[in-house]
Amino acid sequence: MTGEKLVYAGTVEALFLRALENRLTPACRMRLRDAGLDLDQKLSPTYTLEQWKQFLRIAADHVYAGMPAEAAYYSLGERFIDGYFSSLFGRALLGMARLLGPRRALTQARLCFRTSTNCSEVRIVEKGPTELEFWLTDIGADLPTFVAGALAKAAEVAGGQRVVAIPEGFDGQSATYHVRWSEQAEAAVEPELASRTAAAHASANRPPA
């Protein structure tokens, strides 16, 4: 092994051929080709991490032009998960994720990172039933919001409600992410609880017959 940091073709396919294909203008495709990604040709088995980062910069500039960079990268992370779960392998994982729920699905995120690059080690700490902490050795992007968007979208498609993913301690390479959410059952119970509370108040305030 050379020790070179690489991104696998499936990662590039998920974002650029599946999630963003219809949103890439001819000018964007030309810039990607100049950077080493020719979407009209068969993908290379691997790309260098620096190439991948450049691909993300180009996509952020073109697809989300005028949007703050942090928000653009967050949206790219969300779209990456959309593309990842649209493949044959991804659809099988999606069905499993929905059965497992957000906490158990997210604890399996190591698989996604390991099949995306050869350089991202993931450590996960469970902070509670609906909160996890992720630490990545290399986030594979200029801004940490790319992975934040990916983690938030993954939790959402696995059934999480009101998902929040907050990056901290980004040093240009590694970062820590705090991901929290509400469960579907909890979200469904809240309106019912509010309705019962309102009914109880109405009953208590009703004048005696």
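See above for the structure.
The following refers to the structure shown.

The rules behind each value
Residues numbered from 1 in each chain as written. Predicted model: local features only at pLDDT ≥ 70, side-chain atom pairs only at ≥ 80, totals over all residues. Heavy atoms only, no water. Salt bridge = Lys/Arg side-chain N within 4 Å of Asp/Glu carboxyl O. Helix = DSSP H or I, 4+ residues; strand = E, 2+ residues; numbered from the N terminus. Buried < 20%, exposed > 50% of the residue type's maximum accessible area, 1.4 Å probe, protein only. Axes fitted to C-alpha atoms, helices over the stretch in contact; angles between N-to-C directions. Parallel < 35°, antiparallel > 145°, perpendicular 65-115°, else oblique. Left-handed = near helix turned anticlockwise from the far one by under 90°. Contact = heavy atoms within 4.5 Å. Nonpolar A, V, L, I, M, F, W, Y, C, P; charged D, E, K, R; others polar. Polar contact = N/O pair within 3.5 Å; in protein donor to acceptor, adjacent residues only side chain to side chain.

Structural notes on the pattern of salt bridges
Alright, step 1. Counted according to the given criterion, the structure contains 12 salt bridges.
Alright, step 2. A salt bridge links D138 to K5; the shortest N-O distance between them is 2.9 Å. Taken together, the residues span a long stretch of sequence, with D138 in the loop between β4 (131–136) and α8 (145–157) and K5 in the segment before β1 (6–8) at a distance of 133 residues.
Alright, step 3. Ionic pairing is found between K153 and D82, a salt bridge with its closest N-O pair at 3.8 Å. Here D82 lies in helix α4 (residues 69–84) and K153 lies in helix α8, a separation of 71 residues in the sequence.
Alright, step 4. Overall, the relative accessible area of 31% leaves D82 in the partly exposed class.
Alright, step 5. Each of R79, D82, K153 and E156 takes part in a single network of salt bridges with overlapping partners.

Side note on the packing of helix α3 (residues 49–63) against α4
Alright, step 1. Where α3 meets α4, the closest approach of the two axes is 10 Å, and the angle between their N-to-C directions is 110°. One finds that α3 runs roughly perpendicular with respect to α4. Here the hand of the crossing between α3 and α4 comes out right-handed. Facing K53, L56, R57, A59 and A60 of α3, the residues of α4 in contact are A72, Y73 and L76.
Alright, step 2. Across the contact of α3 with α4, the residue classes break down as six nonpolar, no polar and two charged.

A word on the environment of A9
Alright, step 1. Along the chain, A9 turns up in helix α1 (residues 9–19).
Alright, step 2. A9 sits in the buried class, given a relative accessible area of 19%.
Alright, step 3. The spacing of A9 and P45 is 36 residues in sequence and 5.1 Å in space, taken between C-alpha atoms.
Alright, step 4. Each residue touching A9, except ones within four places of it in the same chain, is listed here: L43, S44 and P45.

Things to note about the side chain of T137
Alright, step 1. When you line up the elements, T137 lands in the loop between β4 and α8.
Alright, step 2. Within polar-contact distance, the side chain of T137 engages the backbone nitrogen of E121 at 2.8 Å.
Alright, step 3. Apart from residues no more than four positions distant in its own chain, T137 is found in contact with C119, S120, E121, Q173 and S174.

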